[in-house]
Amino acid sequence: MNKGFYLKMAWGNIRKNRNIYLPYLLAASVMTALFYIQGSLCDMVDISGMKGKRMMSSLLGISTPITGIFSLVILFYVNSFVMKQRKKEFGLYNVLGMEKRHLVRLMSVEILLVAVFSLVFGISGGALFSQLFFLIFYKMIRMEADLTMVIPRGAVTETLTLFGILFCLVLLYDIVAVIRTRPVELLKSESQGEREPKVHGLAALIGVAALTGGYVIAQKVESPMEAMLWFFAAALLVIIGTYGLFMAGSIALLKWMKKRECFYYRPSSFISVSGMLYRMKQNAAGLAGICILSTMVMVTIGASLCIFSGVGEGVREEYPREYFLQMHYSEDLKPETYQDTTSDVKKLVEAQMEENGSRVENMLSYTRCNMVYRKGKDGYEAEMGDLADTNDYENLVYVQYLLREDYEANTGKKTEIPDDVAAFYESEEGLIPGETLLFGDYSIKGKRLEEPVETAVASRYSGIKKRVQVLLPGIEEMEKLTESLGKNFETYYGLEEGEGPGAMYFLGWNWYFDISGKQEPAEEFLEKLRSSWETEKASEWAYISTFQNRTEEEEYLFQEYGTILFIGFFLGMIFLLATVLIIYYKQVTEGYDDRKRFVIMQDIGLSQAEVKKTIRTQVLLVFFLPLGAAGLHMAMAFKVLVKMMALFSAYNIKLFSLCIGLTVAVFALVYFLVYTVTARIYYKIVSNAR
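Thresholds applied
Numbering of residues starts from 1 in every chain and runs along the sequence as written. Note on the predicted model: pLDDT of at least 70 is required for a residue's local features to be given, and 80 or more for side-chain atom pairs to be given and counted; whole-chain, interface and lining totals, by contrast, use all residues. In computing side-chain properties, one takes all heavy atoms of the structure into account and sets aside hydrogens as well as water. Strands are runs of DSSP state E lasting at least 2 residues, helices are runs of H or I lasting at least 4, and numbering of each runs from the N terminus. Whether two residues are in contact is decided by their heavy atoms: any pair within 4.5 Å suffices. For the purposes of this section, nonpolar cores are sets of buried Ala, Val, Leu, Ile, Met, Phe, Trp, Tyr and Cys residues that join through side-chain atoms within 4.5 Å. Each residue is assigned to one of three classes by its accessible area relative to the maximum for its type, calculated with a 1.4 Å probe on protein chains only: buried under 20%, partly exposed between the two thresholds, exposed over 50%. The criterion for a disulfide is a pair of cysteine sulfur atoms lying within 2.5 Å. Ring pairs are drawn from Phe, Tyr and Trp, using the six-membered ring of Trp, whenever the two centres fall within 6.5 Å, and their geometry is named by plane angle: stacked under 30 degrees, edge-to-face over 60, tilted for the rest. The convention used is that axes are lines fitted to C-alpha atoms, helices contributing only their stretch in contact, and that angles between N-to-C directions extend from 0 to 180 degrees. When describing relative orientation, an angle under 35 degrees is termed roughly parallel and one over 145 degrees roughly antiparallel, while 65 to 115 degrees is termed roughly perpendicular and anything else oblique. Handedness of a crossing is defined here by the sense of rotation of the near helix relative to the far one, left-handed for an anticlockwise turn of less than a right angle and right-handed for a clockwise turn. Amino acids are sorted into nonpolar (Ala, Val, Leu, Ile, Met, Phe, Trp, Tyr, Cys and Pro), charged (Asp, Glu, Lys and Arg) and polar (every other residue, Gly among them). Should a side-chain nitrogen of Lys or Arg be within 4 Å of a carboxyl oxygen of Asp or Glu, the pair is scored as a salt bridge. By definition, two strands form a pair when at least two bridges between them are found by DSSP. Under this definition, polar contacts are N or O atom pairs within 3.5 Å; protein pairs additionally need one hydrogen-donor-capable and one acceptor-capable atom, and for neighbouring residues in sequence, both atoms have to be side-chain atoms. Patches draw on residues past 30% relative accessible area with no salt bridge. Two like charges within 9 Å are joined, as are two nonpolar side chains (Val, Leu, Ile, Met, Phe, Trp, Tyr) within 5 Å. To be clear on the numbers: accessible area is Shrake-Rupley with a 1.4 Å probe, and residue cover counts the displayed protein chains and nothing else. Take the residue count of a helix, subtract one, and multiply by 1.5 Å to get its expected span.

### A look at the environment of L25
For step 1, the next point in the chain: Note that L25 resides in helix α2 (residues 18-48).
For step 2, the next point in the chain: Separated by 90 residues in the primary sequence, L25 and A115 have C-alpha atoms spaced 8.4 Å apart.
For step 3, the next point in the chain: Setting aside residues up to four positions removed in sequence, L25 forms contacts with V114, F117 and S118.

This is the structure:
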């Protein structure tokens, strides 16, 4: 046999089996294109020269191995269905005189054709659509970009290398499978029936235990760091539990249906239940895979959408004006120098602005001490630990200590209260039970305010919704407070007196303002400002630590979270593709398995209408079970996902609920549409059996 014979025969086999090969070629081409697009995006971001390219390129690079792993899984999964349908054909070739070495050559040529087609169309399509994805990516990170045709050589090389290896592995698997199978088994593979499966109690027990364990972990986590550490362990247990319960539970469900005579002895129910029961080992694995992938799609897209959507809200809460300057006081601060120090900073900034042809306006400034307290049986205690480890929204209260004189200067209003009394505002009624404020070791009489004071909320505190603002009478009272906090710090960390950071560690001055005119980059402005500040006498009492531009900070966050959103949608597409392929091949395989049964049933009087009804019954019985189970997984994972969102400064639970709900609804619609299309294919295979 010459090489041309194998090529001609392989091409004919692919054309003859186009119902199963076209999705195979399409899936391989799409995965090739997606992997190439990821690699090309990393390269294009690197050569773009954009600010923050290193961070964005690193984030995009993290998702590349995930795409490679799923490419392997998808190729093997689809190839297994193709091989199942081809076994009888290979057995016939063997009986007609082709030896197994000839079959190996034939399969090698077929895989080569599939690989060449997939690589050529995948890389070509990837090169074309990578420009579109690059523009979409730029829109997500709020940047402008020109459409330029770039084909990074590195991305092409990586794609050819990876998929060349993957197709070799697929071929090796097929060769081993054919060599180890006897010709008679190949010839009779399609006609061999399956025995009625048994309910494996051990598998069911493991499934229940694993699923329960995963759910318990998801409900027990109380901090964002715990959520991140335990999430993957919980996810692994849920995956094991899902497969165990689908393998054992679905069989038990079908056997229970079979025992219900009033339900089972109907044409549609009888055929659906009996047919699925005898193939449930294969069905259960496919349905469990659909369930897991559906959950992954909804989690990935919903979470990344929430993270991105909350960027604007967080930035506005942290930056009430366009510019932000922060100053920290030193331990040598004298109360009488407080106003002079802040005035000197303002004059210095205004002078530097004038040199650049700009002017400061719409100012908001205040001395502040931000502290988090945990509510216990005996009142509020200062929370000195890392909020990432101890964050408990229900029992934490964020307290802003401010000065009355700053409030009066910013608003032009007088508080009209005695000098030994603090004014306060509570976000929820009952946070301050009486007229005395008692937080840790510090207490002072208070008078309630009707409206909150305009301030900024530091990002690390924005997840705490219970808030109290306290207007202290003067800087001396502020010093008493910070001295108390300094002692608490030493006690919490077991330090000797004087070893802690000191009272002024908790004290700072914030100044927010807008400007008219041009402004140089914030980092350059801060360096000049610090140099000028070092020559001022006031620098003995304070240190200028921060000067930030809200627009620049927003751009950085949109770059970071826009990249996360893009990765989320990108991975969601891959998971969705895997889900669609499983659904398609499940329908095609079952169609070929069922068509002989339906021929027999139609011969004894089953009508076309009853055939359709049987298919619909099968849908209601089993196929939407994975979607329901995925919805249950999402509900049980909601708490741990909320905790994990805090690590990305996404604290708005209502927004997260909306994003998850919208994602679930859209996915359910897509799921239904995909199944409707594939169900028609199934019906077409069955109805054309004659």
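### Description of the nonpolar core
For step 1, the next point in the chain: In terms of nonpolar packing, the biggest core is built from 129 residues, with Y24, F167 and Y585 touching the most fellow members.
For step 2, the next point in the chain: In terms of residue count, helix α18 (residues 550-603) provides more of this core than any other element does, 20 residues in total.
For step 3, the next point in the chain: Residues contacting Y585, with those up to four places away along its chain left out, are I20, P23, Y24, V78, F81 and V82.
For step 4, the next point in the chain: Grouped together as the second largest cluster of nonpolar side chains are 51 residues, C369, I432, I475 and L485 included.

### Digging into the state of the cysteines
For step 1, the next point in the chain: Under the defined criterion, the tally for this structure stands at 0 disulfides.
For step 2, the next point in the chain: Not part of a disulfide, C659 finds its nearest cysteine sulfur in C306, a span of 4.8 Å.
For step 3, the next point in the chain: Residue classification places C659 among the buried positions, given a relative accessible area of 6%.

### Observations concerning the packing of aromatic side chains
For step 1, the next point in the chain: For the coordinates displayed, the defined rule picks out 18 aromatic pairs.
For step 2, the next point in the chain: Look at F324 and Y512: their rings are 4.7 Å apart centre to centre, the planes differ by 15 degrees, and that puts the pair in the stacked class. With F324 in strand β1 (residues 323-329) and Y512 in strand β9 (residues 508-516), this residue pair connects regions lying 188 residues apart in the sequence. The same class applies to F324 as to Y512, namely buried.
For step 3, the next point in the chain: For the ring pair F489 and F506, a centre distance of 6.5 Å and an interplane angle of 70 degrees mean the geometry is edge-to-face. With F489 in helix α16 (residues 475-492) and F506 in the loop between α16 and β9, this pair connects stretches of sequence that are 17 residues apart.

### Regarding the packing of helix α4 (residues 100-140) against helix α5 (residues 153-179)
For step 1, the next point in the chain: Where α4 contacts α5, the two axes come as close as 10 Å, and the packing angle between them is 155 degrees. When the interaxial angle is binned, α4 and α5 end up roughly antiparallel. Relative to α5, the crossing made by α4 is right-handed. Touching K100, L103, V104, M107, S108, I111, V114, A115, S118, L119 and I123 of α4 are V156, T159, L160, F163, F167, V170, L171, D174, I175, V178 and I179, all from α5.
For step 2, the next point in the chain: Partitioning the contact of α4 with α5 into residue classes produces 17 nonpolar, 3 polar and 2 charged.

### Topic: the pattern of salt bridges
For step 1, the next point in the chain: Taken as a whole and judged by the stated rule, the model has 8 salt bridges.
For step 2, the next point in the chain: Between K414 and E408 there is a salt bridge, with the nearest N and O atoms lying 3.9 Å from each other.
For step 3, the next point in the chain: Assessed through its relative accessible area of 60%, K414 is described here as exposed.
For step 4, the next point in the chain: Among the charged side chains, a network of salt bridges with common partners joins E426, E435 and R448.

### Regarding the pairing of strand β5 (residues 421-426)
For step 1, the next point in the chain: Burial analysis of β5 places 5 of its 6 residues in the buried class, the great majority of the element.
For step 2, the next point in the chain: Two elements, β5 and strand β7 (residues 442-448), share 4 bridges in a ladder whose sense is parallel. Counted as the bridge partner of A423 is K447 from β7.
For step 3, the next point in the chain: Note that β5 and strand β8 (residues 467-472) share 4 bridges and pair antiparallel. Bridged to Y425 within β8 is Q469.

### Considering the environment of V315
For step 1, the next point in the chain: As for its placement among the helices and strands, V315 is situated in helix α12 (residues 311-318).
For step 2, the next point in the chain: If we skip the residues at most four places from it in the chain, V315 touches R550, E554 and L557.

### Let's talk about the side chain of T295
For step 1, the next point in the chain: You can see T295 is positioned in helix α11 (residues 280-309).
For step 2, the next point in the chain: At 2.9 Å, the side chain of T295 forms a polar contact with the backbone oxygen of C291.

### Structural notes on a nonpolar patch on the surface
For step 1, the next point in the chain: On the surface, L112, V116, F117, V120 and F121 cluster together into a nonpolar patch covering about 460 Å² of accessible area.
For step 2, the next point in the chain: For F117, the location among the structural elements is in helix α4.
For step 3, the next point in the chain: Assessed through its relative accessible area of 32%, F117 is described here as partly exposed.

### Thoughts on α5
For step 1, the next point in the chain: Between its first and last C-alpha, α5 extends 39 Å over 27 residues, near the 39 Å set by a 1.5 Å rise per residue.
For step 2, the next point in the chain: Among the residues making up α5, those that are buried are A155, T159, F163, L166, F167, V170, L171, D174, I175 and V178.

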